[in-house]
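Remarks on the overall topology
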Amino acid sequence: MSEDLPNSRRDLVARVATLELLVSDLIDLLWRIDPQAMEKLVCEAGRDLEIQNSRTIAAAEHQRERLFTVLQDRRRKLQHRRKAANDETVVA
């Protein structure tokens, strides 16, 4: 049974990495389709982060830090990759 754990962990890491790549591609596609809607999502993500940071949560500190990390990561991932977009328009 202990031999199955490393294999299952590797499988889980591979699946998570695949999902992260898919989400990244989807976000890039959404920026191309509707930049205004994505700007709204970025603003909402920033607001959610500010709210969480200013609010006292009756939870363990590690949970608070994890929520902050998740919200911060969400805001970062939604940011438009303007440099990449500009490079594509120059080539096209």
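The following refers to the structure shown. (Residues numbered from 1 in each chain as written. Predicted model: local features only at pLDDT ≥ 70, side-chain atom pairs only at ≥ 80, totals over all residues. Heavy atoms only, no water.)

A few words now on the environment of L41. On the secondary structure map, L41 appears in helix α2 (residues 35-54). Distance from L41 to Q79, taken between C-alpha atoms, is 9.2 Å for residues 38 residues apart in sequence. (Helix = DSSP H or I, 4+ residues; strand = E, 2+ residues; numbered from the N terminus.)

Another aspect to go through is the nonpolar core. One broad rule of soluble globular proteins: the nonpolar side chains tend to lie buried together. Listed in full, the six residues of the largest apolar core are I27, W31, M38, V42, A45 and L78. Going through the elements one at a time, α1 (4-33) and α2 are the ones with two or more residues in this core. Ranked by residue count, the leading element in this core is α2, at three residues. Ignoring anything within four residues of it in the chain, the contact list for L78 reads I27, W31, M38, L41, V42 and A45. (Core = buried A, V, L, I, M, F, W, Y, C linked by side-chain atoms within 4.5 Å. Buried < 20%, exposed > 50% of the residue type's maximum accessible area, 1.4 Å probe, protein only. Contact = heavy atoms within 4.5 Å.)

Within this structure, the stated rule accounts for four salt bridges. The closest approach of N and O atoms between D48 and R74, which form a salt bridge, is 2.7 Å. Of this pair, D48 sits in helix α2 while R74 is found in helix α3 (residues 61-78), placing the two residues 26 residues apart along the sequence. When its relative accessible area of 31% is taken as the criterion, D48 is described as partly exposed. Here K77 ties to D73 by a salt bridge, and the two come within 3.3 Å at their closest N and O atoms. Of this pair, K77 and D73 both sit in helix α3, four residues apart, which is roughly one turn of the helix. One network of salt bridges, with partners in common, ties together D73, R76 and K77. (Salt bridge = Lys/Arg side-chain N within 4 Å of Asp/Glu carboxyl O.)

Read these as layout, nothing more, since geometry by itself doesn't imply function.
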